[in-house]
Amino acid sequence: MRILFYTDDPGIGGAAACTHRLAVGFARRGFDVVYAASRRDDPRVQQWVAEREAAGVRHAFLPFDTLKQYYFGTQDRLMTGALFLELRPDLIVFSDGVLDSALGARRAAAGLGIPFIGLKHMVVDNNPWTEHPSIRRTMAEILRLERCSVTVSHPSRELLIKLFGAVPERTVVVPNSLVTQLSECACGLSGVWGMMISWC
């Protein structure tokens, strides 16, 4: 099973650290893991890249900067869609530092029929982008397509449901300190897909 971890955090925050640990954990369990993020010239990030590669993780560096070109990431479906067609993942795990940063990539995945899960590290109610009615409508539409939405706190879960109409039965809370256990828990159904779904 091929899992694509797609993160908007190139290596500056908690989302990157968590996604790194998840990718390494699943690769060590024998899954075909690909890690997609922007390139970043930073010694810590380069160390993480080396650790992932040593564990068997392949990299697909994004052709744009998810920090400097934030708005582009909310809109682009062409580049990410081409990437998904090339990689053909069985599952995409979107690990978001900012909720709507990979909105375009989610729309590309939905259009291609690729199942995806969202791991949301921060949900706020005063993000100027998510206050825009069209963005909010699109987020609500995309969240309904997520097989499972994972937040790292109960307030984030409540905001996700209140602001965007996330499906309560498929929106779960896993504290940051426990998220990486996702890569260590026993398989309940069939591989990682069973692990993820069992949380919902």
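The structure under discussion appears in the preceding block.
Model, not experiment: these values are computed from the prediction.

Cut-off values and rules
Residues numbered from 1 in each chain as written. Predicted model: local features only at pLDDT ≥ 70, side-chain atom pairs only at ≥ 80, totals over all residues. Heavy atoms only, no water. Helix = DSSP H or I, 4+ residues; strand = E, 2+ residues; numbered from the N terminus. Buried < 20%, exposed > 50% of the residue type's maximum accessible area, 1.4 Å probe, protein only. Polar contact = N/O pair within 3.5 Å; in protein donor to acceptor, adjacent residues only side chain to side chain. Contact = heavy atoms within 4.5 Å. Core = buried A, V, L, I, M, F, W, Y, C linked by side-chain atoms within 4.5 Å. Pairing = 2+ DSSP bridges. Axes fitted to C-alpha atoms, helices over the stretch in contact; angles between N-to-C directions. Expected span 1.5 Å × (residues − 1). Phe/Tyr/Trp six-rings, centres within 6.5 Å; stacked < 30°, edge-to-face > 60°. Lys NZ or Arg CZ within 6 Å of the ring centre and 35° of its normal.

Student: What am I meant to see in the side chain of threonine 7 here?
Tutor: Checked against the element boundaries, threonine 7 lands in strand β1 (residues 2-7). Of the residues examined, threonine 7 reaches a relative accessible area of 0% and is grouped as buried. Here the side chain of threonine 7 touches serine 95 through a polar contact of 2.9 Å, landing on its backbone oxygen. Contact partners of threonine 7, with chain neighbours within four places excluded, come to Ala15, Thr19, Tyr35, Ala36, Ala37 and Ser95.

Student: How do you make sense of the nonpolar core when you look at a structure like this?
Tutor: Burial of nonpolar side chains together is a common tendency in soluble globular proteins. Counting 29 residues, the largest nonpolar core has Tyr6, Phe84, Ile92 and Phe94 as the members making the most contacts within it. The contacts of isoleucine 92, once residues within four sequence positions are left out, are Leu4, Tyr6, Phe84, Ala109, Ile114, Pro115, Phe116 and Ile117. Core analysis: the second largest hydrophobic core is formed by 22 residues, Val33, Ala37, Ala55 and Leu91 among them.

Student: Teacher, can you tell me more about the sheet that holds strand β5 (residues 116-120) here?
Tutor: Adjacent strands of a sheet form backbone hydrogen bonds with each other and so pair up, either parallel or antiparallel. Ordered by their spatial adjacency, 7 strands build an open sheet running β3-β2-β1-β4-β5-β6-β7, and the pairing between neighbours is parallel. The outermost strands of the open sheet, each flanked by one partner alone, are β3 (58-61) and β7 (171-173). Between one strand axis and the next, the sheet turns by 20 degrees as a mean value, whatever way the strands run. The pairing of β1 with strand β4 (residues 91-96) spans 5 bridges and is parallel. For phenylalanine 5, the partnering residue across the bridge sits in β4 and is valine 93.

Student: When you look at helix α6 (residues 133-145) in this model, what are you seeing that I'm missing?
Tutor: Quick reminder: α-helices carry 3.6 residues per turn. Residues three or four places apart thus point the same way. With 13 residues, α6 should reach 18 Å at 1.5 Å per residue; the first-to-last C-alpha distance of 19 Å fits that figure. Of the residues making up α6, those classed as buried are Ile135, Thr138, Met139, Ala140, Ile142 and Leu143.

Student: Teacher, can you tell me more about the packing of aromatic side chains here?
Tutor: Centre distance and the angle of the planes are the two values used to describe a pair of aromatic rings. Applying the stated rule across the entire model yields 6 aromatic pairs. Arranged with centres 5.8 Å apart and planes meeting at 80 degrees, the rings of phenylalanine 26 and phenylalanine 31 form a pair that is edge-to-face. Per residue, the accessibility class of phenylalanine 26 equals that of phenylalanine 31, and both read buried. Plain terms: the ring middles of phenylalanine 84 and phenylalanine 94 are 6.5 Å apart, the flat faces sit at 70 degrees to each other, and that makes the pair edge-to-face. Of the two residues, phenylalanine 84 sits in helix α4 (residues 78-87) while phenylalanine 94 sits in strand β4, which places them 10 residues apart along the sequence. Classification of phenylalanine 84 by relative accessible area gives buried; the value is 1%. Grouping aromatic residues by their ring pairs yields a cluster made of Tyr6, Phe84, Phe94 and Phe116. Its guanidinium or amino end placed over the ring of tyrosine 35, arginine 52 lies 3.6 Å from that ring's centre, counting from NZ or CZ.

Honestly, it's all geometry; don't read function into it.
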